Amino acid sequence: SLQVKWKGKDLFDLVCRTLGLRETWFFGLQYTIKDTVAWLKMDKKVLDHDVPTEEPVTFHFLAKFYPENAEEELVQEITQHLFFLQVKKQILDEKIYCPPEASVLLASYAVQAKYGDYDPNVHKRGFLAQEELLPKRVINLYQMTPEMWEERITAWYAEHRGRARDEAEMEYLKIAQDLEMYGVNYFAIRNKKGTELLLGVDALGLHIYDPDNRLTPKISFPWNEIRNISYSDKEFTIKPLDKKIDVFKFNSSKLRVNKLILQLCIGNHDLFMRRRKADSLEVQQMKAQAREEKARKQMERQRLAREKQMREEAERTRDELERRLMQLKEEATMANEALMRSEETADLLAEKAQITEEEAKLLAQKAAEAEQEMQRIKATAIRTEEEKRLMEQKVLEAEMLALKMAEESERRAKEADQLKQDLQEARESERRAKQKLLEITSKSSYTQSMNSSTTALPTDLPSFNLISESLSFDFKDTDMKRLSMEIEKEKVEYMEKSKHLQEQLNELKTEIEALKLKERETALDILHNENASRGNSKHNTIKKVS
């Protein structure tokens, strides 16, 4: 419960300790009073703030200041996660303008962060049906069904395999930080002539916009090019480092808003200067711990990946052994059938051989009888020529019959020999079939033992002076010039890295362009397209108008 004497810092520290958050300088406790956003002051009692009188009083723990480069500045995983949640909500609520193709890519990283690696067996069509992944403006702009959007998000999601949750969230932030409205706080102001304008305060500096165009500033004042900012009563004065550039003055009608602008200017400038100095001991320790934790998680992921690979290999081996076992069983069944057929053939051949042998004996007996008859006829005395001729004819017929009988007997004997030889071959075939069946049986038992052995799977800085509602701070020329050169170098390096990403986004933009409903384009859509056609990006636009 909130103690009466608690200051803003006490409540803020309690929230940070509960979250395990150490990068506290980015965050604050926000509340709303009379439609104006305000932040809890650390050195002031909570109950002394001009908070709403109705209970309960709601404070929102939010990022108050944004990093220039999320990957380099956000050390703790919890810090990255909180920024991811806040930026994602701002994009879905359309507080940050995001073009359609970038919205799809960001959605794919959000899905990777929530669901892990894509698995077609688990993440089937319709698994994103209940998810809020795209701004409503993007959905309404195209003649595309939810299934079509899901298909395009899933196609990119599948490419993110192997990224852990924190890695996917960081990729999300790296893309989001290049959006024109990312990290910008907008305020309605008037210049000396009374023209209505918008002031944008962010990590890079101060930007002046037309009220109808929050994407492209008319003029920008990067922190490293500002000599002095002063605030008196309701009027702000920005003095550029280059004395040739005119001083810019503006005012806001609400005192609360002026105080908030002041807070954001001081805080963003402090962080801007801090980034360009050596890390404090606390930050060095955090970065060392983060590196150790990242290395530990990497090793753990590698161990789990190895175990998964070993498990999959063991399962593949098991499946292969089971397939081989089934194959051997089929071969054994076929060998048994072949053996039975061989045995049946052998029996038939044996029976036929016996019959043939008996027929050969019978023919031999008949041939012997014919020979006896011929001898008997020869011995018979034939007196007359007629009888002799007849007898000679009968003898000739008997000889021919005996010769035929002998030939038939010889043929039958050969047939019997052939049958004996076939019988011998049949028995040899039977013997080989039995031998093969014996070999298959022994292989089957070996496969079963191998299968049982593989089923057990492995587990294994400038000064500030505030007096009577006035503020003034100055920058050294030499420091600012050096910082300018460093920033330009960083921008060039960053633009090189973003080329590949831009190619991906252009590819999707071309793919869905034919389905766009031009009449539904918002003013920001049109402005963004004009900037894109001119080749303008967030960084080079600021450079041009600085």
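Residues numbered from 1 in each chain as written. Predicted model: local features only at pLDDT ≥ 70, side-chain atom pairs only at ≥ 80, totals over all residues. Heavy atoms only, no water.

**Student:** How would you explain the nonpolar core if you had to name every residue and give the values?
**Tutor:** By size, the foremost hydrophobic cluster in this structure holds 92 residues, and its most contacted members are Phe27, Val87, Ile91, Tyr172 and Leu206. Looking at which domains feed residues into this core, each of domain 1 (8-177) and domain 2 (185-276) gives three or more. Beyond its immediate sequence surroundings of up to four residues, phenylalanine 27 is in contact with Phe12, Leu21, Phe61, Leu62, Ala63, Lys64, Thr79, Leu82 and Phe83. One finds Ile377, Met391, Val395 and Ala398 within the second-largest nonpolar core, a separate group that totals five residues. (Core = buried A, V, L, I, M, F, W, Y, C linked by side-chain atoms within 4.5 Å. Buried < 20%, exposed > 50% of the residue type's maximum accessible area, 1.4 Å probe, protein only. Domains from an automatic or database assignment. Contact = heavy atoms within 4.5 Å.)

**Student:** Hey, could you go over the pairing of strand β1 (residues 27-33) for me, with residue numbers and the actual values?
**Tutor:** The buried fraction of β1 is high, at six of seven residues. Where β1 meets strand β3 (residues 60-63), four bridges bridge the pair, whose relative direction is antiparallel. Note on β3: the bridge partner recorded for glycine 28 is leucine 62. Sheet analysis places β1 next to strand β2 (residues 36-39), joined by four bridges and oriented antiparallel. (Helix = DSSP H or I, 4+ residues; strand = E, 2+ residues; numbered from the N terminus. Pairing = 2+ DSSP bridges.)

**Student:** Give a description of the pattern of salt bridges that names residues and reports values.
**Tutor:** For side chains of opposite charge, pairing can occur when their charged atoms come near one another. Per the counting criterion, the structure on display carries 24 salt bridges. Here arginine 137 and aspartate 525 are joined by a salt bridge, their closest N and O atoms 2.8 Å apart. A single salt-bridge network, built from bridges that share partners, covers Glu68, Glu73, Arg275 and Arg276. (Salt bridge = Lys/Arg side-chain N within 4 Å of Asp/Glu carboxyl O.)

**Student:** Before we move on, can you summarise helix α1 (residues 8-19) with the specific residues and values?
**Tutor:** Taking 1.5 Å of rise per residue, twelve residues should cover 16 Å, and α1 covers 17 Å from first to last C-alpha, within 8% of that figure. Lining the buried residues of α1 we find β1 and β3. Backbone geometry just after α1 places glycine 20 at a positive phi near 75°. (Expected span 1.5 Å × (residues − 1).)

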